[in-house]
Structure formats: C-alpha cells, structure tokens
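# Breakdown of the fold
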Amino acid sequence: MVGADVAWMLVSTALVLLMTPALGFFYGGLVRSKNALNTLMMSVAALGFVGVTWAVLGYSLAFAPGGAFVGDLSRLFLAGVGLEPQGTIPHLLFMAYQGTFAIITVALISGAIVERMRFSAYLAFLTLWALFIYAPVAHWVWGGGWLARMGALDFAGGTVVHVNAGAAALVAALVLGPRKDYGRQAFLPHNVAFTVLGAGLLWFGWFGFNAGSALAANASASLAFTNTMLAPAATLVMWTLLDLARTGKATAVGAATGMVVGLVAITPAAGFVGPMAAIALGGLAAIPSYYALLWRARTRLDDSLDVVAAHGVGGTVGALLTGVFASKAWNGTVDGLLYGNPGQLGTQAVAILAAIAYSAVGTLILLKLVGLVIPLRADANAEGLGLDISQHGEEAYASGEGAILILPKGEASSSVPAVMVEAAGGRA
Amino acid sequence: MKLVVAVIRPEKLADVLEALFHAQVLGLTINRVQGHGGETDRVENYRGTTVKMELSEKVRVEIGVSDHFVEPTVNAIIRAARTGVVGDGKIFVMPVEKVYRIRTGEEDQAAVTPVPEEVAAGR
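Residues numbered from 1 in each chain as written. Chains lettered and ligands numbered in written order. Predicted model: local features only at pLDDT ≥ 70, side-chain atom pairs only at ≥ 80, totals over all residues.

On to the domain arrangement of chain A. Segmenting chain A into domains produces domain 1 (3-381) and domain 2 (398-428). One C-alpha centre belongs to domain 1 of chain A, the other to domain 2 of chain A, and the line joining them spans 42 Å. (Domains from an automatic or database assignment.)

Listed below in structure tokens is the structure:
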C-alpha cells in the first residue's frame, strides 16, 4: 500500500460524496419553491438508501468476479472486503469510493421527474435502480466485464454514470408523463443562486470524481485533475458566447448548466487526453447540449431539469470525443482517432449504445414494477399544493405566521399563535 | 380628509420618501405590489424557456392627509417619482369617511395631524 494514494483516495471519496447534496442544490434551485425540499430530498435520499444497499449487495454485483455481465454474490455484506490492498489502497476504501459514484448516478435521474413523483415510489425506484442498473453497467466497464475486455475507454464514468443516468432519465420522464400545466404555464427556477452554488460545489467535488479515478496520487491523477479544471472552463466560455449570441444576455442558469455539461463531457476523457484537447473537448461539448436543451423545451417531453441534454447528450459527446482525442503520449496506453486509431471511436460508440439500451429497458421495467405496488405520481391535488407539503409535511420557506402550536395530549391546548412552526403534525 | 394612494417605481421610493418628509408629510404606509401599466414587457430566458413578465414590481404608498395637504403631497410625489418613461405609476386621491388615531382615540383632522416631536420621543 502507498500512503499518498490512501490519503488522496480518502479525500476523493469525501469530495465525490459532497457532489450529491451539491446536485440537490443545483436541482433544488431550478424548481418552484413549493417543491424545493422534495427536490433536495431526492438527492439526499440517495445518500442513505444507495449508501446502505451498495455495501450490502451493490458492490458485489458491480465488483465481485462473476461473469461478463454482472458480478457474483461473493462480496455480499462486504464478505472478503477488508483492509487488504486493492491496488495500492485498502479494498474497503475502494468500495467506499465506488459507493459514492452509485449514489450520485441515481440522484442524477431525479432531475427528470421532479415536482410530480410520489416520494415512496421514488425511494423504491432509486434503490432498485442502483442495484440492478447501475451495478451491472459498472461491472461491464470497471469490474472486468465485457466492455472493459473490448477496450472501451471510460476514465471516470462518462458511460457508466452519465450516459446511463441520461437514458434512465429519458425513460423516467416518458413513463411519469409531464407535470400538470406543463407547456401551458411557465415554470421558473425559484432560486438561481442555489443552482449556481450547487454547480460550483459539483465542480469542486468532481476533482475527486475524475482525479480520484486514477485510484492513486500519481501523474494520471494530475492529468485528470487539470483536465477537470480546463474542460468545464471551455464549456462555460462557449455556453456564455452561445447565450450572448442568442439573447444578448449571459444567463446564470446557463453558466451553471455549462459548467456541469463540461464536467460531464470530460469525465470519460479526463486521464486519457492532453490539456489542449480537454479545452477543445469542453468547448465542442457545449454545442450539442445547448441546442438539445432548447429543442427539448419545445417538445412534450418534460425532462424537467434537462438531465438528457446535460448528462445523456453531454456524456455521449464526451465518450465519443474520448475516442477522438485520446493520446498515448499522455496516457501511455491508447490513441484515439486523431492519433491514427479510428477503431477506438467505434468501440466508444458500442459502449454508449449498450449502456443506453440496457439502462432504458431496465428503467422501464423497474418503473412498471414499482408502479404495480405504489402509484408513481403524486395525485393531482398534491402536485398542485406542492410536494414539500404533500410528501414531506414541511415547507422550505415557512413564514410561521398563523401556525398554532399543538401541545401533547394532557396539556392544555393553546390558542395563542405560536412563533414556531409545529413540527410533528405538519401545518396547522 | 383624503387618502392619497400612489403606485410608484421601487427604485424611486427613497426619493419619494425624502420629498414627502420635506413637505412635512410624516405619516404613510407602503406595500410592495405588482402591476401592469402599459410598459414594455420584460423578457427573461431560463434555458429553453422564454417568458414575458407581464407584471412589474411597484411600491404602493398610502397617505391619509387633511384636505389642504393633498396638493403639496401629490406635488412632492410627482416631482420625486417621475422619470418620463412609461411605468412611472399613478396617484389616486380618494375621499375618507372617518379617521381614528388608535393611541389617543383622536378623530379625523386631529388624527392625521403629525404628532409633535416631544410626544413621539415619549417625553
């Protein structure tokens, strides 16, 4: 074991874990105030539910030996996952690091279904999805599965995380259907500042996501780290220019979106391309996502927070461009199209299509299964009232006015308006 | 007595207050309101969603005054709130049936006459 590697991976794990609450703020700012907590909770719930199921079963399905498509059950309940080395770090730390990826991937999907999904149905869906969609795809690419053997390049999870979540988001948005009044009323972000804050924290955490994927504190991590700084910077510049060209104003929502798209796009390429290629990749990646997002808003597809445009399209473009810009001079192993290896682009395309197909079909099946037991959507009244009150019994921005304190049984009940909001019984 | 209700631009509120205090108009209530007064709609873009904001932010100032104070009050507001661009707002002057001052029970003219400074300071 190498002390420096252990230290960097400890830090990286914490950095990636921070991305999930950051995503909650990124998404939470984009919804209406009556759904702010529900949207945050969709990310927060993943920290708990996926965190636990990953240790119990998910890790084994993804990283236990097994076959080409899924791991076996030999790591069930972390059997045999101890402090012995896995590479140059303890196996247990490797498991924890990979768990943070499972958590954020599931949370990403929530952007497509905010403001309308019943929370209990969401909890069931997210837990099943992490086990039966995320874990197998992770196994294909990182657990010694068939895509790894084929030579598909995915440094930190462009296909496993972003294309996978993007495809699931598309299916989930179609199955759930559009929000009430979608296409008739304008739904505006209630707190753009949260969105920018979330995007900033995502970028910060992403250094752990990409540079940590080297699984060591080495040259490859440094390359991935630098590219994680440069590519989103280029996307941000391109996005701002596109905004200026289209409306004459550079929007903050656009800047936040551009950062995330750039991060998504550099994820598969981070440790494979040089810094100038990263800038080119980041700038190029802005264009398809920017127009996908404009086009989507004119359709009946209520992918509410544009997970498909940002993660699906951004992830696909990033994974393809990885096959273009990969350079042996930087990564020591493989060249892409620009360096005389056009076959790599084909391998990348196969990996993308496989992830899309499996994720889309699997997500459809899981949603139909959950729907048999729990209605997927909150009822129309609950949706109108807002999911914060109807699903969680609390408000993000309670004024406290008119709240009457309900005293426990046996004590005289008060008729004096309380300053505090009653906690246990929801709204008075 | 009259009730003067003025709807003005929020960014002009400080100027209007200053002008009113200069004119010895010391009692007023304000509200933040939204309205539409024929100004050009503001266009905003959120990703692929483009919206026209039909309502703009305004401040409504309500002032109860004695009859001879109506003109100085209205003039002060007009002077301070005018920019010359559509959207400067309106002033409505309405009759008032009855006024009470809650602290003393004073009525009508006495109730809208500013309190002498020593009373206000609690001396």
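We now examine the pairing of strand 4 (residues 49-53) of chain B. Residues and elements named next belong to chain B. One ladder, built from five bridges, connects strand 3 (residues 42-46) with strand 4; its direction is antiparallel. Among the inter-strand pairings, Glu 44 is bridged to a residue of strand 4, identified as Val 51. Hairpin connection, strand 3 to strand 4: the antiparallel pair is bridged by two residues, and Arg 47 has positive phi, about 50°. (Pairing = 2+ DSSP bridges. Helix = DSSP H or I, 4+ residues; strand = E, 2+ residues; numbered from the N terminus.)

Take the interface of chain B and chain A next. Taken together, the contacts link six residues of chain B with 13 residues of chain A. Of all the secondary structure elements, the ones that give two or more residues to the side of chain B that touches chain A are strand 3 and strand 4 of chain B. In terms of residue class, the side of chain B that touches chain A is built from two nonpolar, three polar and one charged. (Contact = placed C-beta atoms within 7 Å. Nonpolar A, V, L, I, M, F, W, Y, C, P; charged D, E, K, R; others polar.)

We now examine the sheet that holds strand 1 (residues 2-8) of chain B. Paired through their backbone hydrogen bonds, the strands of a sheet run either parallel or antiparallel. All names here are of chain B. A sheet is described by the order of its strands in space; here four strands give the open sequence 2-5-1-6, paired in antiparallel fashion. What marks the edges here is a single partner per strand, and that holds for strand 2 (29-35) and strand 6 (89-95). Going from strand to strand, the sheet's axes swing by 20° on average, the running direction of each strand aside. Sheet topology places strand 1 next to strand 5 (residues 56-65); seven bridges connect them, and they run antiparallel. Following the sheet pairing, Ala 6 is matched in strand 5 by Val 61. Across the sheet, helix 2 (residues 70-81) is in contact with strand 1, strand 5 and strand 6; its angle to strand 1 comes to roughly 5°. (Axes fitted to C-alpha atoms, helices over the stretch in contact; angles between N-to-C directions.)

Turning to the environment of B:Arg42, a few remarks are in order. All names here are of chain B. Along the chain, the position of Arg 42 falls in strand 3. Separated by 18 residues in the primary sequence, Arg 42 and Gln 24 place their C-alpha atoms 37 Å from one another. With near-sequence residues (within four places) excluded, Arg 42 lies in contact with Met 53 and Ser 56.

So, on to unusual backbone geometry. Residues and elements named next belong to chain A. Phi at Leu 215 takes a positive value of approximately 60°, unusual for a residue other than glycine. Relative to the assigned elements, Leu 215 resides in the loop between helix 7 (192-211) and helix 8 (219-247). Since 19 C-beta atoms lie within 10 Å of it, Leu 215 is described here as partly exposed. A positive phi angle, close to 55°, is found at Asp 306, a residue other than glycine. One can find Asp 306 in the loop between helix 10 (275-296) and helix 11 (307-325). (Buried ≥ 20, exposed ≤ 12 C-beta atoms within 10 Å, placed from the backbone.)

Before going further, it helps to examine helix 2 (residues 36-63) of chain A. Between its first and last C-alpha atoms helix 2 of chain A spans 35 Å; for 28 residues at 1.5 Å apiece the expected length is 40 Å, and the helix comes up short by more than 12%. The largest bend along helix 2 of chain A measures about 65° and falls at A:Trp54. (Expected span 1.5 Å × (residues − 1). Bend = angle between axes of the 7 residues up to and from the residue.)

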